[in-house]
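Breakdown of the fold
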Amino acid sequence: MRPRIAVLGSIHMDYVISLDRIPRLGETLIGKGFKMTPGGKGANQAVAAARLGAEVYMIGRVGEDAIGDELIENLKKNGVRTDHVKRAKTHSGVALIFIDSSGNNIIGVAPGADYHISKDDVDEAFRDLGDRIDILLLQLEIPVEIVEYAIEKFSEKNVKILLNPAPYRPLSREVLSKIFIATPNEVELELMSGVKIAGDRDLIRAGRRVIEKFGIENLVVTLGGRGAMIITEKEERLIPAFKVKPIDTTGQETRLTEPWRSPCRWGGL
């Protein structure tokens with residue numbers, strides 16, 4: 001059976017300008033290229049899961065504008081169900097991104113409709129999907145109180161909760177104790193644990209402290225080009241990344257330098 005996944009989170013459009021270098025404060029540079037790319041951490045999770053073969057339902061909001069039309073169409077084109085993508089009386093979320101020739105970037109986000117997701121939206125999705133889905137995927141580009149409310153609601157049905165705690169904001173211990181898997185990067189893990197990370201020993205110690213402190217069942221700490229470290233109460237395991245040539249670190253484009261073989265499969269750690 002295909003896993004059934006709901007994603008609650010941000011849906012926005014990325015406006016990307018390519019430059020030789022990042023402008024200094026007050027400086028104007030002529031860019032080498034421009035593109036508009038559907039994004040948002042929530043929509044990205046949904047599209048990735050659908051492309052991997054899951055049955056995916058998106059829960060979120062877009063604006064009453066042409067950008068919202070494009071964002072919904074992109075989700076549908078990628079096999080994501082959009083019955084629970086609602087309209088808000090504001091602009092769709094947008095991100096403005098400058099990328100230099102080395103792949104470095106600076107980003108500004110105007111959330112717009114992403115911050116109009118309500119508890120009523122969660123309740124409606126819960127009534128429809130609470131008994132149907134296996135996993136709820138979340139991030140923190142929508143209001144924290146909505147994330148916490150959704151975790152409380154869907155955990156009542158023993159839905160597995162997966163949280164990407166980015167951009168980092170603290171959640172209550174009661175809510176975090178209901179997380180099956182959290183996927184912080186090293187900076188987010190430092191903020192969650194209070195442990196300064198200078199190497200893998202610190203990484204594992206920080207991960208175990210988060211598990212002990214908050215009751216999260218499993219951590220998958222993302223390490224960029226190194227891959228990811230799985231940390232549980234009893235074990236830790238490094239999953240190496242496959243090699244890519246980084247063209248754009250916002251994820252707009254990458255090129256494999258060796259054949260891709262996924263180290264993961266559905267069914268748990």
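Residues numbered from 1 in each chain as written. Predicted model: local features only at pLDDT ≥ 70, side-chain atom pairs only at ≥ 80, totals over all residues. Heavy atoms only, no water.

1. Focus: helix α6 (residues 186-193)
Stated formally: We call a residue buried when its accessible area falls under 20% of the maximum for its residue type, exposed when it is over 50%, and partly exposed in between, using a 1.4 Å probe and counting protein chains only. Each helix is a run of H or I in the DSSP string that is no shorter than four residues. Each strand is a run of E no shorter than two, and both are numbered from the N terminus. As used here, the arc belongs to the directions running from the helix axis to the C-beta atoms. We call two residues contacting when some pair of their heavy atoms lies within 4.5 Å.
When α6 is considered as a whole, its buried residues turn out to be Glu188, Leu189, Met192 and Ser193. In a view along the axis of α6, the buried residues occupy a sector of 120°, so they form one face of it. Facing away from the buried side of α6 by more than 90 degrees, the exposed set consists of Val187 and Leu191. Where α6 is buried, its residues contact α7 (200-214) and β11 (218-222).

2. As for the sheet that holds strand β1 (residues 4-8)
For the record, the criterion: By definition, two strands form a pair when at least two bridges between them are found by DSSP. Convention adopted: a line fitted to C-alpha atoms gives each axis, helices being fitted over their contacting stretch, and angles between N-to-C directions are expressed from 0 to 180 degrees.
Spatial ordering of the open sheet is given by β5-β4-β1-β8-β9-β10-β11-β12-β13, a layout of 9 strands whose pairing is mixed. Strand pairing shows two members of the sheet lacking a second neighbour, β5 (80-88) and β13 (236-240), which therefore form its edges. Where β11 and strand β12 (residues 227-231) come together, 4 bridges link them in antiparallel fashion. For Val220, the partnering residue across the bridge sits in β12 and is Ile230. Against the sheet, helix α4 (residues 144-155) engages β1, β8 (135-138) and β9 (160-163), with an angle of about 170° to β8.

3. Some thoughts on the pairing of β12
β12 sits mainly inside the fold: 5 of its 5 residues count as buried. Joining the antiparallel neighbours β11 and β12 is a turn of 4 residues, in which Gly224 adopts a positive phi near 65°. When β12 meets β13, the two strands line up antiparallel, connected through 5 bridges. Residue Ala228 lies in a different strand from β13, and its bridge partner there is Ile239. Hairpin connection, β12 to β13: the antiparallel pair is bridged by 4 residues.

4. With respect to the packing of aromatic side chains
So the rule is basically this: Classification of ring pairs uses Phe, Tyr and Trp, with its six-membered ring standing for Trp, and accepts pairs whose centres are within 6.5 Å; under 30 degrees between planes counts as stacked, over 60 as edge-to-face, and the remaining range as tilted. Both a distance and an angle decide whether a charge sits over a ring: NZ of Lys or CZ of Arg must be within 6 Å of the ring centre and within 35 degrees of the ring normal.
Taken as a whole and judged by the stated rule, the model has 2 aromatic pairs. Between Phe126 and Phe154 the ring centres are 5.3 Å apart and the planes differ by 90°, which places this aromatic pair in the edge-to-face class. One end of the pair, Phe126, is in helix α3 (residues 119-129); the other, Phe154, is in helix α4, with 28 residues separating them in the sequence. Each of the two residues, Phe126 as well as Phe154, counts as buried. Seen from the ring of Phe180, Lys160 lies directly overhead, with NZ or CZ sitting 5.2 Å from the centre.

5. Details of the packing of α6 against α7
Note the following rule: Oblique is the label for any angle not under 35 degrees, not over 145, and not in the 65 to 115 range, which are roughly parallel, roughly antiparallel and roughly perpendicular in turn. It is the rotation of the near helix from the far one that decides the hand of a crossing: anticlockwise by less than a right angle makes it left-handed, clockwise makes it right-handed. In this classification, the charged set is Asp, Glu, Lys and Arg, the nonpolar set is Ala, Val, Leu, Ile, Met, Phe, Trp, Tyr, Cys and Pro, and all remaining amino acids, among them Gly, are polar.
For the pair α6 and α7, the least separation of the axes is 9 Å and the interaxial angle reads 50°. One element, α6, and the other, α7, form an angle in the oblique class. In terms of crossing hand, the pair formed by α6 and α7 is left-handed. Between α6 and α7, the contacting residues are Glu186, Leu189, Met192 and Ser193 on the first element and Leu203, Ala206, Gly207, Arg209, Val210, Lys213 and Phe214 on the second. Of the residues contributing to the contact of α6 with α7, the split by class is 6 nonpolar, 2 polar and 3 charged.

6. A few points about the pattern of salt bridges
The line we're drawing: Definition used for salt bridges: Asp or Glu carboxyl oxygen within 4 Å of a side-chain nitrogen of Lys or Arg.
One pass over the structure, following the stated rule, counts 16 salt bridges. In this structure, Asp131 and Lys157 form a salt bridge, with 3.1 Å as the shortest nitrogen-oxygen distance. Residue Asp131 is found in the loop between α3 and β8, and its partner Lys157 is found in the loop between α4 and β9; the two are separated by 26 residues along the sequence. Looking at Asp131, the relative accessible area reads 62%, which means it is exposed. Accessibility expressed as a relative area gives 37% for Lys157, which makes it partly exposed. Close ionic contact of Arg208 with Glu236 constitutes a salt bridge, the shortest N to O distance being 2.6 Å. Taken together, the residues Arg208 in helix α7 and Glu236 in strand β13 connect sequence positions 28 residues apart. Arg208 gets classed as partly exposed once you look at its relative accessible area, which sits at 26%. Taken together, the shared-partner salt bridges in this structure form one network comprising Arg21, Arg24 and Glu27.

7. Points about the sheet that holds strand β3 (residues 33-39)
Strand order in the open sheet formed by 4 strands is β3-β2-β6-β7, and the pairing between neighbours is mixed. Each edge of the open sheet carries a strand with a single partner, namely β3 and β7 (105-110). Averaged over all pairs of adjacent strands, the angle between their axes in this sheet comes to 20°, without regard to strand direction. Here helix α2 (residues 66-77) sits on the sheet in contact with β2 (12-18), β3 and β6 (93-99), set at roughly 100° to β2.

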